[in-house]
Structures are given as C-alpha cells and as structure tokens.
Amino acid sequence: MNIPDNLRYTKDHEWISLDGDIATIGITAFAQKELGDIVYVEVDTLDQTLDKDDVFGTVEAVKTVSDLFLPMAGEIIEFNEELETTPETVNSDPYGKGWMIKLRVADTTDFDTLLSSDAYKELIGA
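Criteria and cut-off values
- Residues numbered from 1 in each chain as written.
- Predicted model: local features only at pLDDT ≥ 70, side-chain atom pairs only at ≥ 80, totals over all residues.
- Heavy atoms only, no water.
- Pairing = 2+ DSSP bridges.
- Helix = DSSP H or I, 4+ residues; strand = E, 2+ residues; numbered from the N terminus.
- Buried < 20%, exposed > 50% of the residue type's maximum accessible area, 1.4 Å probe, protein only.
- Lys, Arg positive; Asp, Glu negative; His and termini not counted.
- Salt bridge = Lys/Arg side-chain N within 4 Å of Asp/Glu carboxyl O.
- Polar contact = N/O pair within 3.5 Å; in protein donor to acceptor, adjacent residues only side chain to side chain.
- Contact = heavy atoms within 4.5 Å.
- Core = buried A, V, L, I, M, F, W, Y, C linked by side-chain atoms within 4.5 Å.
- Axes fitted to C-alpha atoms, helices over the stretch in contact; angles between N-to-C directions.
- Phe/Tyr/Trp six-rings, centres within 6.5 Å; stacked < 30°, edge-to-face > 60°.

Sheet architecture is open: six strands sit in the order β1-β2-β3-β9-β8-β5, paired in antiparallel fashion. Looking at strand neighbours, the two that pair on one side only are β1 (8-9) and β5 (49-50), the edges of this open sheet. Sheet topology places strand β2 (residues 14-19) next to strand β3 (residues 22-27); six bridges connect them, and they run antiparallel. Counted as the bridge partner of I16 is I25 from β3.

Let's shift gears to the pairing of strand β7 (residues 65-69). Strand direction decides the pairing type here: strand β6 (residues 55-61) and β7, joined by five bridges, are antiparallel. If you follow V59 over to β7, its bridge partner there is S66.

Right, let's talk about the side chain of E14 for a bit. Tracing the sequence through the fold places E14 in strand β2. No salt bridge is formed by the buried E14; the nearest opposite charge belongs to K11, separated by 7.8 Å. Here the side chain of E14 touches T10 through a polar contact of 2.9 Å, side chain to side chain. With near-sequence residues (within four places) excluded, E14 lies in contact with R8, Y9, I25, G26, I27, T28, D67, L68, F69 and P71.

Looking now at the environment of P71. Secondary-structure assignment places P71 in the loop between β7 and β8 (74-79). Judged by its relative accessible area of 1%, P71 is buried. Excluding residues that lie within four positions of it along the chain, P71 makes contacts with T10, E14, I16, I25, K52 and L114.

Time to look at the nonpolar core. In terms of nonpolar packing, the biggest core is built from 26 residues, with V41, F56, M100, I101 and L103 touching the most fellow members. Elements with a contribution of two residues or more to this core: β3, α1 (29-35), β4 (38-42), β6, β8 and β9 (101-105). Not counting the four nearest positions on each side in its chain, I101 is found in contact with A23, T24, I25, V43, F56, L70, I76, E78 and F79. In this structure, L7, Y9, Y95 and Y120 belong to the second largest nonpolar core, which totals ten residues.

Spatially, β4-β6-β7 is the arrangement adopted by the three strands of the open sheet, whose pairing is antiparallel. Because the sheet does not close on itself, it has two edges, and the strands there are β4 and β7. When the angles between neighbouring strand axes are averaged without regard to direction, this sheet yields 25 degrees.

A few words now on the packing of aromatic side chains. By the definition in use, this model includes two aromatic pairs. Ring centres of Y9 and Y120 lie 4.9 Å apart, and the angle between their planes is 15 degrees; this geometry places the pair in the stacked category. Residue Y9 is found in strand β1, and its partner Y120 is found in helix α4 (residues 117-124); the two are separated by 111 residues along the sequence. Judged by its relative accessible area of 1%, Y9 falls in the buried class. On the basis of relative accessible area, Y120 is assigned to the buried category, the value being 1%.

It is worth spelling out the pattern of salt bridges at this point. Counted according to the given criterion, the structure contains one salt bridge. Between K11 and D12 there is a salt bridge, with its nearest N and O atoms 3.5 Å apart. Overall, the relative accessible area of 58% leaves K11 in the exposed class. Residue D12 is classed as partly exposed on the basis of its relative accessible area of 27%.

Right, dumping it as structure tokens:
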C-alpha cells in the first residue's frame, strides 16, 4: 500500500502536506480503498476557519458517506474543484490530483503532532 514518507497522517485516514503555512489535505489510499468507488466530494466550508478535528466536508462512495476531519486548525482557502466533475480521481490518485482542500494553518507546529508514515502503517496494520 502506498503511504508516502513525506506526509503526515491522522487516525481518521486523512493525509496532510505542509508548505510554509499552507497545508494540502486529502484522504489516504487506505481510506479510499475501504470506501470503494468515490462518487461525490462535498466541501461547504470554503473560506471558513475551523478547529482541529472539525468536519470540513464529506466524501460519498457507492455504499457509504463519510465525514472528513480537519487535521489542523486553520482557514480553508481552496477546494479542489476538479473533484466536482471527476471525484473518482480520489481513487486513482489520492496523494496527487485527488487532494481535497488547501488550508492556511493557524499553528504550523501542530504538523509535528500528526502521525508519521511508520506510525500510520502501524495503525492500519500495513
């Protein structure tokens, strides 16, 4: 299973990369595999400032709908609009073109409290 070493992870199966104070967030390969075929991604929190662990959107698969939890506090500044027409990109490229939001992070030191790739692999038994 693909779990890039340069990202951080949450117990809720989101991944996060950080560039300065801008974070890119999506769901992991494990999460998209468990959900199955993604048919819809909804993020109605654009331009809102949310706390860590707040729900920032939902992802809908053929069989279920799952909440998306924010790994770090901050302001949601961008939604990957390509997912409106091709949500299946989350299945085919979860760490690349399947990213979901960009976040202006309130405190970048929170990044270090998230799971490393090794810790995430241990969590999912990979």
